[in-house]
Amino acid sequence: MATRVRPSSKRCAVIGGSGFLGRHLVEKLLDRGYSVSVFDIRQSYELPGVTFHQGDLCNKQALLLALKDVSLVFHCASPAPASDDRALFERVNIQGTQTVIQACIEAGVQKLVLTSSASVVFEGADIKNGREDLPYAKNPIDYYTETKIEQEKLVLKACDKQKGFLTVAIRPHGIFGPRDPQLVPILVDTARRGKMKFIIGDGTNLVDFTFVENVVHGHVLAAEHLKPDSPICGKPYHITNDEPVRFWDFMSDVLVGLGYAAPRYHLPYTLVYGLALLLWLLSLILRPLISFKPTFTPMRVALAGTHHYYSCKRAKEDLGYKPVVSLKEGIARTVQSYPHLRHGA
Ligand SMILES: NC(=O)c1ccc[n+]([C@@H]2O[C@H](COP(=O)([O-])OP(=O)(O)OC[C@H]3O[C@@H](n4cnc5c(N)ncnc54)[C@H](O)[C@@H]3O)[C@@H](O)[C@H]2O)c1
Ligand SMILES: CC(C)CCC[C@@H](C)[C@H]1CC[C@H]2C3=C(CC[C@]12C)[C@@]1(C)CC[C@H](O)[C@@H](C(=O)O)[C@@H]1CC3
């Protein structure tokens, strides 16, 4: 009689492993002695110990090949928020995540760790020290957030101790660090176009930004604590730097570190938000004729002008989480890693 080989607990797959967070996670997993399969729509690097599977996560057969003999899966793939493409977000984040869950169950995967986002509870109003039991946003500001909510619900609902399939979701906020393709590059691009002179609102709003290595640390802790008798099964966990900072101080530190001037002039929040909404509607109406992407989207303005920081108490208690890199050190390492984005480079 053929016996089913139980996948090695040190064999894992990272869906979205070619991306910013995914690659940092892969590097940490290799350091910790895991062998890693990366499944991604693109291959962006090569590393000893990593097997690449190029494919779309909406394709179950392609996924099944990558999940063979894998016991632990990290799902950190998503279209970029800036794409603002509703159909793409629904296909990848919702239908694709359903496919990931089915493929994991069929392949005998035991643990699935989802990269969700703290923004699943954010709808433009202030959040101060928000806990995981805040309700999901009823009116999410953009399609990205709308589909991240559905994605998280699907993954957490799929947790089934009887069947031996355990799930958990990590909710980071504002990830930054070396190789980040959005926060620092968009910020510098905006500064180079002379649009980072303004502070939206009074500039005192506190926000969480999370150095990528802390996000990775949270994922690894979650994977290693995910056991049938652990309290973390089927739950979401905030993972941040646990050092809320003024949004505009963080932006200024990065800009000044790269040789640009810090924003100085204040603009009223409601005015900028209204304009951003108008521009977004205009871009939607004109989309069949011309394509333009406004820099100041309603979501970016809301993120820039409100308080939104989250409690990591649950992660500290259940996972023993503690950030491994401080905000100051994270900013310094990030700034240093972008010589090509320095002023005048
Ligand atoms: N960057 C942040 O600030 C932030 C904050 C909170 C949560 N997150 C979440 O973290 C995860 C990783 O984000 P990131 O910043 O590393 O983004 P990223 O764009 O660098 O990485 C995403 C990866 O997913 C891959 N991908 C996209 N569609 C795919 C598909 N159909 N099939 C297979 N692969 C596909 C991309 O090729 C890319 O390599 C995402 O789920 C994102 O929602 C990011
Ligand atoms: C144009 C200016 C007002 C601001 C320029 C900087 C912005 C590009 C970034 C500042 C905060 C960032 C951020 C994200 C994208 C880039 C910023 C808007 C996310 C929306 C990316 C997706 C994540 O899931 C969100 C999260 O929940 O952490 C990010 C929130 C912060």
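In this numbering scheme, every chain counts its residues from 1 along its sequence in written order. Here chains are named by letter from A upward and ligands by number from 1 upward, in the order in which they appear as written. Restriction of local features to residues with pLDDT of at least 70 applies here, the model being predicted, together with a cutoff of 80 or more for giving and counting side-chain atom pairs; totals for whole chains, interfaces and linings are based on all residues. With hydrogens and water stripped out, all remaining heavy atoms of the structure feed into the side-chain values.

The name an unreviewed UniProt entry gives the protein is Sterol-4-alpha-carboxylate 3-dehydrogenase, decarboxylating, with Parambassis ranga as the organism. The heading Sequence similarities (unreviewed entry) in the UniProt record of the protein holds the text "Belongs to the 3-beta-HSD family." The protein has a UniProt comment under Pathway (unreviewed entry) that states "Steroid biosynthesis; zymosterol biosynthesis; zymosterol from lanosterol: step 4/6." UniProt positions are given in the numbering used here, feature names are shortened, and annotations may be inferred rather than shown by experiment.

Caption draft 1: The arrangement of the site of ligand 1 in detail. Summary of the distance rule: residues count as near a molecule or strand when at least one heavy atom falls within 4 Å of that molecule or strand. Near ligand 1, the surroundings consist of 25 residues, among which Phe20, Leu21, Asp40, Tyr144 and Lys148 are the closest. The side chain of aspartate 40 places a nitrogen or oxygen atom 2.6 Å from an oxygen atom of ligand 1. In the environment of ligand 1, a nitrogen atom lies 3.3 Å from a nitrogen or oxygen atom belonging to the backbone of isoleucine 41. For the accessible areas, the method is Shrake-Rupley and the probe is 1.4 Å, while residue cover comes only from the protein chains on display. Relative to its unbound accessible area of 830 Å², ligand 1 is 90% covered by the protein chains. For the shell around ligand 1, the secondary structure elements donating two or more residues are helix H1 (20–31) and helix H4 (143–157). Under the scheme applied here, ten amino acids are nonpolar (Ala, Val, Leu, Ile, Met, Phe, Trp, Tyr, Cys and Pro), four are charged (Asp, Glu, Lys and Arg), and all others, including Gly, are polar. Along the lines of polarity and charge, the residues of the shell around ligand 1 split into 11 nonpolar, 10 polar and four charged. Pairs of N or O atoms within 3.5 Å make up the polar contacts considered here, provided that, within protein, one atom can donate a hydrogen while the other can accept it, and that residues adjacent in sequence are counted only when both atoms are side-chain atoms. The helix and strand labels rest on DSSP assignments: H or I over at least four residues marks a helix, E over at least two residues marks a strand, and numbering proceeds from the N terminus.

Caption draft 2: Region of the structure containing the UniProt feature "domain: 3-beta hydroxysteroid dehydrogenase/isomerase" (unreviewed entry) in the protein. According to UniProt, the positions carrying the feature "domain: 3-beta hydroxysteroid dehydrogenase/isomerase" (unreviewed entry) are residues 13–264. Measuring from the first to the last C-alpha atom of residues 13–264 gives 45 Å, for a span that is 36% helix and 19% strand.

Caption draft 3: Spatial organisation of the UniProt feature "transmembrane region" (unreviewed entry) in the protein. Under the present numbering, the feature "transmembrane region" (unreviewed entry) in UniProt falls on residues 271–290. Between the first and last C-alpha atoms of residues 271–290 the distance is 25 Å; the span itself is 80% helix and 0% strand.

Caption draft 4: Region of interest: the packing of aromatic side chains. Only rings of Phe, Tyr and Trp enter the pairing, Trp through its six-membered ring, and a pair is recorded when the two centres are within 6.5 Å. The plane angle decides the type: under 30 degrees is stacked, over 60 is edge-to-face, the rest tilted. Counted by the stated rule, this structure contains 10 aromatic pairs. Measuring from ring centre to ring centre gives 5.1 Å for tyrosine 45 and phenylalanine 52, while their planes differ by 80°; the resulting arrangement is edge-to-face. Classification of residues uses two cut-offs on accessible area relative to the type maximum, computed with a 1.4 Å probe and protein chains only: under 20% is buried, over 50% is exposed, and between them is partly exposed. Here tyrosine 45 falls in the buried class, since its relative accessible area comes to 7%. Between the aromatic rings of phenylalanine 209 and phenylalanine 250, the centroid separation amounts to 3.9 Å while the plane-to-plane angle is 5°, which identifies the pairing as stacked. Of this pair, phenylalanine 209 sits in the loop between strand E10 (206–207) and strand E11 (210–211) while phenylalanine 250 sits in helix H7 (residues 247–257); the two residues are 41 residues apart in sequence, bridging distant segments of the chain. Each member of the pair, phenylalanine 209 as well as phenylalanine 250, carries the same accessibility label: buried. Feature note: the residues Phe176, Phe209, Phe211, Phe247, Trp248 and Phe250 constitute an aromatic cluster, connected by ring pairs.

Caption draft 5: Inspection of the environment of alanine 158 at higher detail. If you trace the backbone, alanine 158 turns up in the loop between H4 and strand E7 (166–172). For alanine 158, a relative accessible area of 18% translates into the label buried. If sequence neighbours within four positions are ignored, alanine 158 has contacts with Ile101, Phe165 and Thr167. In what follows, a contact means two residues having at least one pair of non-hydrogen atoms within 4.5 Å.

Caption draft 6: Summary view of the pairing of strand E4 (residues 72–75). Covered by surrounding structure in E4 are Leu72 and Phe74 together with Val73 and His75, the residues of both alternating faces. Paired strands, in this sense, are two strands between which DSSP finds at least two bridges. The pairing of strand E1 (residues 11–15) with E4 spans four bridges and is classified as parallel. Across the sheet, residue cysteine 12 finds its bridge partner in E4, namely leucine 72. Bridge count between E4 and strand E5 (residues 111–115): four bridges; the pairing is parallel. Considered in E5, the bridge of histidine 75 is made with leucine 114. For crossovers, right-handed means that the path from the first strand over the helix to the second runs clockwise, given strands pointing away from the viewer. Once you follow E4 into helix H3 (residues 86–107) and on to E5, the crossover reads as right-handed.

Caption draft 7: A look at the site of ligand 2. Around ligand 2 lies a shell of 14 residues, among which Ser117, Ser119, Tyr144, His173 and Gly174 are the nearest. Within the side chain of serine 117, one N or O atom sits 2.5 Å away from an oxygen atom of ligand 2. Within the contact set of ligand 2, an oxygen atom lies 2.5 Å away from a side-chain nitrogen or oxygen of serine 119. For ligand 2, whose free accessible area comes to 640 Å², the fraction covered by protein is 94%. If you list the elements that add at least two residues to the shell around ligand 2, you get H7 and helix H9 (298–305). Split into classes, the residues belonging to the shell around ligand 2 amount to eight nonpolar, five polar and one charged.

Caption draft 8: Representation of the sheet that holds strand E12 (residues 236–239) in the model. Pairing in this open sheet of seven strands is parallel, and the strands run E3-E2-E1-E4-E5-E7-E12 from one edge to the other. This sheet does not close on itself; its edge strands, each paired only once, are strand E3 (50–54) and E12. Each neighbouring strand pair of the sheet contributes to a mean axis angle of 20°, computed without reference to strand direction. With four bridges joining them, E7 and E12 adopt parallel strand pairing. Note that in E12 the partner of arginine 171 across the bridge is histidine 238. This element, H1, spans E1, strand E2 (35–40), E3, E4 and E5 of the sheet and lies at about 170° to E1. Along the sheet face, H4 touches E4, E5, E7 and E12 and points at about 150° away from the line of E7. Inter-axis angles, ranging from 0 to 180 degrees, are taken between N-to-C directions of lines fitted to C-alpha atoms, where helices are fitted over the stretch in contact.

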